[in-house]
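The residues making up each chain are set out below.
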Amino acid sequence: MKYFYIFLINCLIAVTASAQPTIDHILQLNPGDKYTVQTSESDINLALITEGTNQTWDFSNIVPGNDASTVVCIDPGTTPFADSVEVVNSNLALKPFGTETDTMHLYQYYNVNSSGFEATAVGIHHQFSDANYSYSKWLDPQTGLKFPFSYGDNFTDQYVVWMNHIPENTYILKDTTLVQCSAIGYGTVKTPTGTFQNALLVKTVKNWTWWNNYAGVVYKTQGTDIDYQWFVEGIKISVLNIYMDASGLMLTSYLSNTEFEEGGINNPLNGGTSGGTGGGTGGNTGGNSENSYRLNVSAAAGEVFTNAAGSLSWTIGEVAVQTTHSANSILTQGFCQAMELITDAELFNLDTEISVYPNPVHSILNIQCKNIDDEGSAILYNGQGLKLKTIALNSSLNLMDLQGLKPGIYILHINTKESIKSYKLIKR
């Protein structure tokens, strides 16, 4: 009888081990795929980030913030930085949109294959002036994840980023970072989007050294950032991210909607049906917020067909077509590339005077605006293109609190109805 119990325990251990999630494809997206990431303004209790097997992480009550980004997958060769060496060697470009009125467009470049993915470059392009503003390239590419990756796996990496401020034709930042990436837990994770089972928790510790170049003066800053990411088998994007920088600033974001042919949070083809084991409930929430970038569809005519099994809508003139097969049906679908025609244009009134001070800044940044309308905003990005803060410019003097940010170089974009300006900021 004793041996029977030992045999039974061994079987249970084997069953538990076989249930561990294994991530074997992330960011393997196709041009036209898009997804929406919702940020949160609430800090996370770090005690909720537990390690080990069969965990339950409940972040379903975090409060969504005002900022949401819809990310579109595009061909790197069609972007403004297509002639750069790093972009030529990339096979994926992601273009995030904060709002439909964004004037500075960010392009993130990756090289994705069956063994993992690497970040290769980030470019910022000015929409209206049709000029490239800054370009960051990985002299030593950043490994995002290696495949397959499961509980207990880990790897170390080092990457080097060089950032060029194009108008001045000079580098403003060199970032050398040592990385330790570990899969520290698995279980069920809950977000405002829904409940995801068989999620793998990956912790990434980044020990960075920045060499900042300001007005010909080079100075050094150092620190440690930590990323927590939850990945789910069959879903190509992490469903939850919690980022903490060296100063204690916390940024939380979660996947709120996907529009993929497969590998999305609400796609039955990968087991991600609503409430299913591979996906989340309420998978479409957040995808139609006012802060999401909406892709245009130009249709001359169309039709909608509905029966007990579901509904199908289509438009005439779809120039890009894809056919999908399942056990019960065949669906051919497509889209028209949007065409934007300007029929009338109002010249920008450049009477608005904007002053940003002090620079360098220690804690509070003053943004002084004269003759400003009520639609202005100031957006702060770090050297890698991550949006950190957004404030509305609704008075003659507006304050942006930077005391939680680590020292270094940042980019401030100021958008008003009358003018579009960008500034390089130094945080001491």
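Residues numbered from 1 in each chain as written. Predicted model: local features only at pLDDT ≥ 70, side-chain atom pairs only at ≥ 80, totals over all residues. Heavy atoms only, no water.

Caption draft 1: Quick look at the overall build of the chain. Along the chain, the regular secondary structure elements total two helices and 26 strands. Across the 428 residues of the chain, 45% fall into the buried class. At a minimum sequence separation of 6, the contacts of the chain that also span at least 24 residues come to 56%. Total accessible area on the chain is roughly 21,200 Å²; 51% of this is exposed by carbon and sulfur atoms. (Helix = DSSP H or I, 4+ residues; strand = E, 2+ residues; numbered from the N terminus. Buried < 20%, exposed > 50% of the residue type's maximum accessible area, 1.4 Å probe, protein only. Contact = heavy atoms within 4.5 Å. Areas by Shrake-Rupley, 256 points an atom, 1.4 Å probe, with all protein chains shown as cover.)

Caption draft 2: Highlighting the side chain of Ser 134. Assignment of secondary structure puts Ser 134 in strand E8 (residues 131-146). When neighbours within four sequence positions are excluded, Ser 134 is seen to be in contact with Phe 81, Val 122, Gly 123, Ile 124, Met 163, Asn 164 and Ile 166.

Caption draft 3: Here's a closer look at the environment of Thr 204. Mapped onto the elements of the fold, Thr 204 is located in strand E12 (residues 194-214). Separated by 21 residues in sequence, Thr 204 and Asp 225 place their C-alpha atoms 8.3 Å apart.

Caption draft 4: Fine view of a nonpolar patch on the surface. Where nonpolar side chains cluster on the molecular surface, the patch consists of Tyr 357, Ile 364, Leu 397 and Leu 399 and spans about 350 Å² of accessible area. Within the secondary structure, Leu 399 sits in strand E24 (residues 397-401). (Patch = residues over 30% accessible without salt bridge, like charges linked within 9 Å, V, L, I, M, F, W, Y side chains within 5 Å. Salt bridge = Lys/Arg side-chain N within 4 Å of Asp/Glu carboxyl O.)

Caption draft 5: Looking closely at the sheet that holds E24. Taking strand neighbours across the sheet as the criterion, the three strands line up as E20-E21-E24 in an open arrangement whose pairing is antiparallel. Sheet topology places strand E20 (353-357) and E24 at the edges, where each strand pairs with a single neighbour. Put simply, the sheet's adjacent strands are angled 20° from each other on average, direction ignored. Where E20 meets strand E21 (residues 364-370), five bridges bridge the pair, whose relative direction is antiparallel. For Tyr 357, the partnering residue across the bridge sits in E21 and is Asn 366. (Pairing = 2+ DSSP bridges. Axes fitted to C-alpha atoms, helices over the stretch in contact; angles between N-to-C directions.)

Caption draft 6: Seen up close, the pairing of strand E6 (residues 104-113). Within E6, eight of the ten residues are buried, which leaves it mostly tucked inside the rest of the structure. Here strand E5 (residues 92-97) runs beside E6; their pairing, made up of three bridges, is antiparallel. Pairing of Leu 94 across the sheet is with Gln 108, part of E6. In this sheet, strand E7 (residues 116-126) lies alongside E6 in antiparallel orientation, the contact comprising ten bridges. Bridge pairing in E7 links Asn 111 to Glu 118. Counting the residues between successive antiparallel strands, the hairpin from E6 to E7 contains two residues.

Caption draft 7: View of the confidence of the model for the chain. With 72% of its residues at a pLDDT of at least 70, the chain reaches an overall mean of 76. Of the regions scoring below 50 in pLDDT, residues 1-18 engages in two contacts with residues more than four places distant in sequence or in other chains. Note on residues 268-311: pLDDT is under 50 here. Beyond four places in sequence and across chains, it has 101 contacts. (pLDDT = per-residue confidence, 0-100.)

Caption draft 8: Here's a closer look at the packing of aromatic side chains. Applying the stated criterion across every chain, the model contains ten aromatic pairs. Ring geometry for Phe 59 versus Trp 230: centroids 5.5 Å apart, planes at 65°, classification edge-to-face. In this pair, Phe 59 is assigned in the loop between strand E3 (52-58) and strand E4 (64-74) and Trp 230 in strand E13 (residues 217-232), connecting sequence segments 171 residues apart. Neither Phe 59 nor Trp 230 differs from the other in exposure class; each is buried. Each residue in the set Trp 57, Phe 59 and Trp 230 is aromatic and connected to the rest through ring pairs, giving one cluster. Sitting above the plane of the Trp 162 ring, Lys 137 keeps its charged end 5.0 Å from the centroid. (Phe/Tyr/Trp six-rings, centres within 6.5 Å; stacked < 30°, edge-to-face > 60°. Lys NZ or Arg CZ within 6 Å of the ring centre and 35° of its normal.)

Caption draft 9: Broad picture of the nonpolar core. One finds Leu 27, Phe 59, Leu 145 and Trp 230 to be the most contacted residues of the largest nonpolar core, which totals 66 residues. Here this core takes eight residues from strand E11 (residues 170-191), the largest share from any one element. Beyond its immediate sequence surroundings of up to four residues, Trp 230 is in contact with Ile 49, Trp 57, Phe 59, Val 189, Ala 199, Leu 200, Leu 201, Ser 238, Val 239, Leu 240 and Ile 242. Among the nonpolar cores identified, the runner-up in size contains 20 residues, and Leu 249, Ile 354, Ile 391 and Ile 414 belong to it. (Core = buried A, V, L, I, M, F, W, Y, C linked by side-chain atoms within 4.5 Å.)

Caption draft 10: Structural view of the side chain of Asp 227. For Asp 227, the location among the structural elements is in strand E13. A distance of 3.2 Å separates the side chain of Asp 227 from the side chain of Lys 206, its partner in a polar contact. If we skip the residues at most four places from it in the chain, Asp 227 touches Val 202, Lys 203, Thr 204, Lys 206, Ile 242 and Tyr 243. (Polar contact = N/O pair within 3.5 Å; in protein donor to acceptor, adjacent residues only side chain to side chain.)

Caption draft 11: Expanded view of the pattern of salt bridges. Applying the stated rule across the entire model yields three salt bridges. When the shortest N-O distance is used, the salt bridge between Glu 262 and Lys 236 registers 2.9 Å. A residue pair is termed long-range when its members are at least 10 positions apart, and Glu 262 in the loop between strand E15 (250-259) and strand E16 (302-307) and Lys 236 in the loop between E13 and strand E14 (240-244) qualify at 26 residues. In this structure Glu 262 comes out as partly exposed when scored by relative accessible area, which is 33%. The class of Lys 236 is buried, set by a relative accessible area of 2%.

Caption draft 12: Here's a closer look at the environment of His 125. By the element assignment, His 125 lies in strand E7. Considered as a pair, His 125 and Met 104 are 21 residues apart in the sequence and their alpha carbons are 5.6 Å apart. Those residues within four positions of His 125 in sequence are excluded, and the remaining contacts are Pro 80, Phe 81, Thr 103, Met 104, His 105, Tyr 107, Asp 130, Ala 131, Asn 132 and Tyr 133. Among the polar contacts listed, one links the side chain of His 125 to the backbone oxygen of Ala 131, at a separation of 3.3 Å.

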